[in-house]
Amino acid sequence: YVTHDQTEALSMSDRIAVMSSGQFVEIGSPDELYYRPRAAFTARSIGGANVLGGTASGGDRGLTVVETPLGRLYSADTAAGPVQVFVRADKITPVSEPGINVLDCRVRERRCAGETTELDLVHDDNSIVLRCRLPTTLAAAVGQAIRVRIDPSDVRTFRCD
């Protein structure tokens, strides 16, 4: 079955083939392609993601260190040099304590979608927007401060080509 509708493909398929310019880029289950894509094209194409430039270097705590416009993030991926960093909106979670991959942000925009709410968060100088999707009961109001965390396994890195 061929479709350009991502929601349809993700919801009704057990395997999906992602194509670009008539070539197969990646084949996998909806979960694999959405949460653990092996190609940057797939990460950009399916479901939308926060995309940041960064520079990856040697490990710390068994994780790859990535310098990004948001500051230092740690990734479970192995990478070195210039990378693109992808983080899914639903993998950014509110926390109360500081720690690894924890960012203090402010809510710039809020869009309610029933059970979930999408927030546009800004960190530090307000130039980088980080989109997150939370259960509506956990979503902060516009202008409110919020501390969020990204698990290192959800900080996906792809070599810049």
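Up top you'll find the structure we're talking about.
Things to note about empty space enclosed by the protein
So, point 1. A complete count under the given rule lists one cavity of 30 Å³ or more for this structure.
So, point 2. The computed volume of the largest cavity comes to approximately 80 Å³.
So, point 3. In terms of lining residues, the largest cavity is bounded by Tyr34, Tyr35, Pro37, Ala43, Ala49, Phe86, Val87, Arg88, Lys91, Ser153, Asp154 and Arg156.

A word on the side chain of Asp120
So, point 1. Structurally, Asp120 can be placed in strand E9 (residues 116–123).
So, point 2. With relative accessibility at 5%, the residue Asp120 sits in the buried group.
So, point 3. Side-chain polar atoms of Asp120 contact the side chain of Arg111, separated by 2.9 Å.
So, point 4. A polar contact of 3.0 Å, which involves the side chain of Asp120, links it to the side chain of Arg131.
So, point 5. In this view, Asp120 contacts Arg106, Val107, Arg108, Glu109, Arg111, Val129, Leu130 and Arg131; residues no more than four positions away in its chain are not counted.

Quick look at the sheet that holds strand E7 (residues 92–94)
Picture the strands of a sheet paired through backbone hydrogen bonds; they go either parallel or antiparallel.
So, point 1. In space, the five strands of this open sheet follow the order E7-E11-E8-E9-E10, with antiparallel pairing throughout. A strand with exactly one partner marks an edge of an open sheet, and here the two such strands are E7 and strand E10 (129–135). Pairs of neighbouring strands in the sheet enclose a mean axial angle of 50°, with direction left out of account.
So, point 2. Strand direction decides the pairing type here: E7 and strand E11 (residues 145–150), joined by three bridges, are antiparallel.

Details of a nonpolar patch on the surface
So, point 1. A cluster of nonpolar residues, Met19, Phe24 and Ile27, forms a patch on the protein surface that exposes about 310 Å² of accessible area.
So, point 2. Topologically, Ile27 is positioned in strand E2 (residues 23–28).
So, point 3. Exposure remark for Ile27: the relative accessible area of 37% places this residue in the partly exposed category.

Parameters and conventions
- Residues numbered from 1 in each chain as written.
- Predicted model: local features only at pLDDT ≥ 70, side-chain atom pairs only at ≥ 80, totals over all residues.
- Heavy atoms only, no water.
- 1 Å grid on protein atoms, 1.4 Å probe; cavity = no way out; pocket = protein on both sides within 12 Å on 5 of 7 lines; lining within 4 Å.
- Points joined across faces, edges and corners; volume = space filled by probe spheres on them.
- Helix = DSSP H or I, 4+ residues; strand = E, 2+ residues; numbered from the N terminus.
- Buried < 20%, exposed > 50% of the residue type's maximum accessible area, 1.4 Å probe, protein only.
- Polar contact = N/O pair within 3.5 Å; in protein donor to acceptor, adjacent residues only side chain to side chain.
- Contact = heavy atoms within 4.5 Å.
- Pairing = 2+ DSSP bridges.
- Axes fitted to C-alpha atoms, helices over the stretch in contact; angles between N-to-C directions.
- Patch = residues over 30% accessible without salt bridge, like charges linked within 9 Å, V, L, I, M, F, W, Y side chains within 5 Å.
- Areas by Shrake-Rupley, 256 points an atom, 1.4 Å probe, with all protein chains shown as cover.
- Salt bridge = Lys/Arg side-chain N within 4 Å of Asp/Glu carboxyl O.

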